[in-house]
Amino acid sequence: MLSLKSFWIRKKISKFLNYTFLIFLIFNVNLNKSFSDNLEMGEATIQQMIIEAQKHAINTIKLEPNVRSLKIELLIKKYINLDFMSKATTGTFWKKASEIQREKYKVALLKQIVLSIEEHLNTLAKLSYKPIKSERRGKKLIYVKGVIEDPAKKKPSVNLLWKLAANKNGSFLILDLEIEGISLVSSQKAESLSILRKNRGNFDILLNNMTRNN
Amino acid sequence: MTKKYKILFIKCITAAFILNGCSSSNKHVSENKDPFEKMNRNVFQFNKYVDKKILSPISKTYVTQVPAKIRLGVSNHLQWMDAPNTIINSALQTDMENTILASAKFLLNGLSLGFYDLDKGETVIKKRDFGSTLANLNVSEGPFLMVPFIGPKTTRDLTGTILDRQNMAKLSSNSIDDINLAEIPINMIDKRSKMSKTIDNIYLSTDPYIKVRSFYLQNRRNEIYSKKYIENKNNNLDAEFEKFLD
C-alpha cells in the first residue's frame, strides 16, 4: 500500500515536472520568437528608412532647397523619436521648461538633424548600406549595427549603430545614431547642457542660439 | 638635436605631466573635464580663424585641382610614413598581431614608398600612438586642451604626440626627419580635405567648441579603450535611455 502511494506521488511529481518543463519551453520559444521578431522589425525599420532616404535624394535633387528640406523633415519625423531625443539632450532642464519652450526646442532640434542629414544626402544616394548585426539591450532597446560602403571602394566604410525602441503603437523609432562610435545624442546633449548651465537653465537663450544657427 | 631643443622638449613633457597630474586618477574622465575652457575657447577661435583663412581655401583648391588618384597616393604615403609609430606602440602595448601586420604592410608598401597600397586595404591595422600606449599603462586622460594649429588633444595625447615625434626623430636619419617635418602641412591639408563636410557642419552647430570637444573625446576613447570600456559606456547610456523612455 505504501509503495503504491509513493508510486502515485512520484507519478504526480513527474507529471508536474513535465508540465512545468512544457510551459517553460513554450514560454521560452515565444519569448525568443518575440525577441527575434523585434530585432527583425528594428532592422527592417532602418532598411526602409535608408531606401526612402536614397529615393528622396534622387527624386528631390531638382527641387528648391526649402521644398527639399520640408520633404526630408517629414521623412525623418516618421522614423525618429523626437520626444525622447529632446528629453535626452536636455536632461533635468527639460522638466523646468514650459510647454511652449519644449515645442520650440523640438522644432529647433529637428531642424538641426535635417540640416546635418541634408549635407550628406547626395553622398548617401551613391553608397550602399549593409546590416551587420542586431541585438536586444535591456528591456526596451534594440541595437542595429550596419555599415555604409562605397561600391566603387573610393571612400572608406563607415560603421553605424542605430539605437531603437518600440513606441506605443509597437513600431520602432530611432533614439540615437552612433557614427564610428560617436553618439549624436551625446554630442547634442553636451552642447545643450553647456549653454543651459552657463545661463542658469534659461531655455530661451538656448533656443535663440539654436535658431540663429539654423 | 641641439641642447636648446632638448631642454624645450623636457619642459614640454614635464608641463604635460604636471597638467596631467592636476587631474584625478580616474582613467575614464567625464565629458566636462575642461578646467582650461576659457583659454581653450580662445585657442579654438584662433584655430578656426587659421582654418577659415588658410587651411580651408587651400584644401578646397587641393580637392578641385589635384586628381583623386594623386590625392589617394599622397594620403597612402602619409599613412605609410606614420606606420613606424604604430609598429613601435603596438609592440609596447604587447599587441603582437598588430605589430606583425603593421610591419609587414610597412615593408610591402615600402616598395612604392607608400604611395601605392599594394595590400589594397585588405589588412586592417589599428592605428597606435604613444597616447594610446600611455592609456594602456593606466595614465589618466587629463584635462582637455585645444592646441594652436594642432587642434583638440588631452594632456595625455599631447604628451604622446610629442614623444612620437621624438621617437621618429631619433630613429630616422636627418634627411628623413626633414621630409617628415615638410610633410606636416601636407598632412594637415590632406586631413582637412577628408573632413571638410564634418568641419563645416561643426561650425554651423550651436556651440562649435563643445561639439569638437565631444566628437574628439568620444572618438579617441573608442579608439583607445577596450571592448569592456565600450560595453560599460553602452550600459550606462542604455540605463539613461530607458529612464527617459519611461
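Because the structure is a prediction, the values reported are computed rather than measured.

1. Side note on the overall build of chain A
Part 1 of the argument: On a plain count of helices and strands, chain A comes out with seven helices and five strands.
Part 2 of the argument: Its helices and strands taken in sequence order, chain A reads α-α-α-α-α-β-β-β-β-β-α-α from the N to the C terminus.
Part 3 of the argument: A compact globule built from 214 residues should have a C-alpha radius of gyration of about 17 Å, whereas chain A, at 24 Å, is more than 25% larger.
Part 4 of the argument: In terms of overall dimensions, chain A has a C-alpha envelope of 90 × 50 × 30 Å along the principal axes.
Part 5 of the argument: Burial statistics for chain A: of 214 residues in total, 41% are counted as buried.

2. Topic: the packing of helix 5 (residues 99–126) of chain A against helix 8 (residues 196–204) of chain B
Part 1 of the argument: As a packed pair, helix 5 of chain A and helix 8 of chain B sit with axes 10 Å apart at the nearest point and diverge in direction by 160°. It follows from the interaxial angle that helix 5 of chain A and helix 8 of chain B lie roughly antiparallel. Between helix 5 of chain A and helix 8 of chain B lies a crossing whose hand is right-handed. Residues Ser116, Glu119, His120 and Thr123 of chain A of helix 5 of chain A lie in contact with helix 8 of chain B, whose contacting residues are Lys197, Asn201 and Leu204 of chain B.
Part 2 of the argument: Here the residues of the contact of helix 5 of chain A with helix 8 of chain B are counted per class, giving one nonpolar, four polar and two charged.

3. Things to note about the packing of helix 3 (residues 82–90) of chain A against helix 5 of chain A
Residues and elements named next belong to chain A.
Part 1 of the argument: Axis separation between helix 3 and helix 5 bottoms out at 10 Å; the angle between their running directions is 100°. Considered as vectors, helix 3 and helix 5 are oriented roughly perpendicular to each other. Facing Leu82, Asp83, Met85, Ser86, Thr89 and Thr90 of helix 3, the residues of helix 5 in contact are Tyr105, Lys106, Leu109, Leu110 and Ile113.
Part 2 of the argument: Counted by class, the contact of helix 3 with helix 5 contains six nonpolar, three polar and two charged residues.

4. Here's the deal with the confidence of the model for chain A
Part 1 of the argument: When pLDDT is averaged across chain A, the result is 85; 91% of the residues are at 70 or more.
Part 2 of the argument: No element of chain A has a lower mean pLDDT than helix 1 (residues 2–59) of chain A, at 76, and none a higher one than helix 3 of chain A, at 94.

5. Quick look at the sheet that holds strand 4 (residues 172–179) of chain A
Part 1 of the argument: With respect to topology, five strands assemble into an open sheet ordered 1-2-3-4-5 (chain A), the strand pairing being antiparallel. Edge positions in the sheet fall to strand 1 (128–137) and strand 5 (182–183) of chain A, since each has one partner strand and no second.

6. A word on helix 2 (residues 65–79) of chain A
Part 1 of the argument: Its 15 residues place the ends of helix 2 of chain A 22 Å apart at the C-alpha level, agreeing with the 21 Å of an ideal helix rising 1.5 Å per residue.
Part 2 of the argument: Along helix 2 of chain A, the residues that are buried comprise Arg68, Ser69, Ile72, Glu73, Leu75, Ile76 and Tyr79 of chain A.

7. Some thoughts on a nonpolar patch on the surface
Part 1 of the argument: Together, Trp8, Ile9, Ile13, Phe16 and Leu17 of chain A make up a nonpolar patch on the protein surface, roughly 550 Å² of accessible area in all.
Part 2 of the argument: Mapped onto the elements, leucine 17 of chain A comes out in helix 1.

8. A short note on the interface of chain B and chain A
Part 1 of the argument: Between chain B and chain A, the residue contacts involve 29 residues of the former and 39 residues of the latter.
Part 2 of the argument: Taken over both partners, the interface formed by chain B and chain A buries close to 2900 Å², and the fraction arising from carbon and sulfur atoms is 50%.
Part 3 of the argument: When residues of chain B are sorted by the area they lose upon contact with chain A, Thr206, Phe241 and Phe244 of chain B head the list and together hold 24% of the total.
Part 4 of the argument: Inspection of the chain B/chain A interface yields six salt bridges.
Part 5 of the argument: For lysine 189 of chain A, the salt bridge goes to glutamate 240 of chain B, with nearest N and O atoms at 2.6 Å.
Part 6 of the argument: Seen at the junction of chain B and chain A, the total is 16 residue pairs in polar contact (both at pLDDT 80 or more).
Part 7 of the argument: Among the secondary structure elements, those contributing two or more residues to the side of chain B that touches chain A are helix 2 (37–65), helix 8, helix 9 (208–224) and helix 10 (227–245) of chain B.
Part 8 of the argument: Tallying contributions element by element places helix 10 of chain B first for the side of chain B that touches chain A, with eleven residues.

9. Section: the side chain of histidine 56 of chain A
Part 1 of the argument: Along the chain, the position of histidine 56 of chain A falls in helix 1.
Part 2 of the argument: Filtering out sequence-adjacent residues up to four positions away, histidine 56 of chain A remains in contact with Arg68, Lys71, Ile72, Leu75 and Leu121 of chain A.

Criteria and cut-off values
- Residues numbered from 1 in each chain as written.
- Chains lettered and ligands numbered in written order.
- Predicted model: local features only at pLDDT ≥ 70, side-chain atom pairs only at ≥ 80, totals over all residues.
- Heavy atoms only, no water.
- Helix = DSSP H or I, 4+ residues; strand = E, 2+ residues; numbered from the N terminus.
- Rg over C-alpha atoms; globule rule 2.2 N^0.38 Å.
- Buried < 20%, exposed > 50% of the residue type's maximum accessible area, 1.4 Å probe, protein only.
- Axes fitted to C-alpha atoms, helices over the stretch in contact; angles between N-to-C directions.
- Parallel < 35°, antiparallel > 145°, perpendicular 65-115°, else oblique.
- Left-handed = near helix turned anticlockwise from the far one by under 90°.
- Contact = heavy atoms within 4.5 Å.
- Nonpolar A, V, L, I, M, F, W, Y, C, P; charged D, E, K, R; others polar.
- pLDDT = per-residue confidence, 0-100.
- Pairing = 2+ DSSP bridges.
- Expected span 1.5 Å × (residues − 1).
- Patch = residues over 30% accessible without salt bridge, like charges linked within 9 Å, V, L, I, M, F, W, Y side chains within 5 Å.
- Areas by Shrake-Rupley, 256 points an atom, 1.4 Å probe, with all protein chains shown as cover.
- Salt bridge = Lys/Arg side-chain N within 4 Å of Asp/Glu carboxyl O.
- Buried area = accessible area lost by both parts, 1.4 Å probe.
- Polar contact = N/O pair within 3.5 Å; in protein donor to acceptor, adjacent residues only side chain to side chain.

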